[in-house]
Amino acid sequence: MIERADARRQLESQTLAKRQASKRAAKAAHVTHLLSVPRMAGLMKAGVLLGSAAALAEAMNIEPRSLRAKTGAERGISCDDLRAAADALDARAAVMIEHAAKLRAEVTT
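Residues numbered from 1 in each chain as written. Predicted model: local features only at pLDDT ≥ 70, side-chain atom pairs only at ≥ 80, totals over all residues. Heavy atoms only, no water.

A. Seen up close, unusual backbone geometry. A positive phi angle, close to 60°, is found at Asn-61, a residue other than glycine. Relative to the helices and strands, Asn-61 resides in the loop between helix H3 (53–60) and helix H4 (64–71). According to the relative accessible area criterion, Asn-61 is exposed, its value standing at 72%. (Helix = DSSP H or I, 4+ residues; strand = E, 2+ residues; numbered from the N terminus. Buried < 20%, exposed > 50% of the residue type's maximum accessible area, 1.4 Å probe, protein only.)

B. Focus on the nonpolar core. Within the largest apolar cluster, twelve residues are counted, these being Met-40, Leu-43, Ala-46, Leu-50, Leu-56, Ala-57, Met-60, Leu-67, Ile-77, Ala-84, Ala-85 and Ala-88. Those elements that provide at least two residues to this core are helix H2 (37–50), H3 and helix H5 (79–106). It is H2 that contributes the most residues to this core, four residues altogether. Leave out the neighbours within four places in its chain, and Leu-50 touches Ala-55, Leu-56, Ala-88, Leu-89 and Arg-92. (Core = buried A, V, L, I, M, F, W, Y, C linked by side-chain atoms within 4.5 Å. Contact = heavy atoms within 4.5 Å.)

C. Layout of the packing of H2 against H5. Closest axis-to-axis distance for the H2/H5 pair is 10 Å, and the angle between their directions is 25°. Considered as vectors, H2 and H5 are oriented roughly parallel to each other. The chirality of how H2 crosses H5 is left-handed. Each of Arg-39, Leu-43, Ala-46, Leu-49 and Leu-50 in H2 lies in contact with H5, whose residues at this interface are Cys-79, Leu-82, Ala-85, Ala-88, Leu-89 and Arg-92. For the contact of H2 with H5, a count of residues per class yields nine nonpolar, no polar and two charged. (Axes fitted to C-alpha atoms, helices over the stretch in contact; angles between N-to-C directions. Parallel < 35°, antiparallel > 145°, perpendicular 65-115°, else oblique. Left-handed = near helix turned anticlockwise from the far one by under 90°. Nonpolar A, V, L, I, M, F, W, Y, C, P; charged D, E, K, R; others polar.)

D. Expanded view of the environment of Asp-81. One can find Asp-81 in helix H5. Its relative accessible area of 9% is what places Asp-81 among the buried residues. When the C-alpha positions of Asp-81 and Leu-43 are compared, they lie 8.7 Å apart, and in sequence the two are 38 residues distant. Sequence-distant contacts of Asp-81, that is, excluding residues within four places in its chain, are made with Met-60, Lys-70 and Gly-76.

Following this line, the structure appears as structure tokens:
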């Protein structure tokens, strides 16, 4: 009888430990990135430079609602988010530089 009670207690403690570990893992997945004002400001500026927040959200492959949550300090901003925004800005800059070269080619001196 005592052995069964000990086995039950041990099983309950293992189950509790597993649940707590999975909760910690799930929580860590949501809170891995600290809230950072420079990151939020950088994303907002990238949206302005790209022409709209929707364009930035599309470049980051997220919904505009998720972008608002990131810039509104409800969610953290990952390094991947920043890389995606920077890549979109690089692509936009390349198009602008190419167009500027075309305009210069049309100028007669």
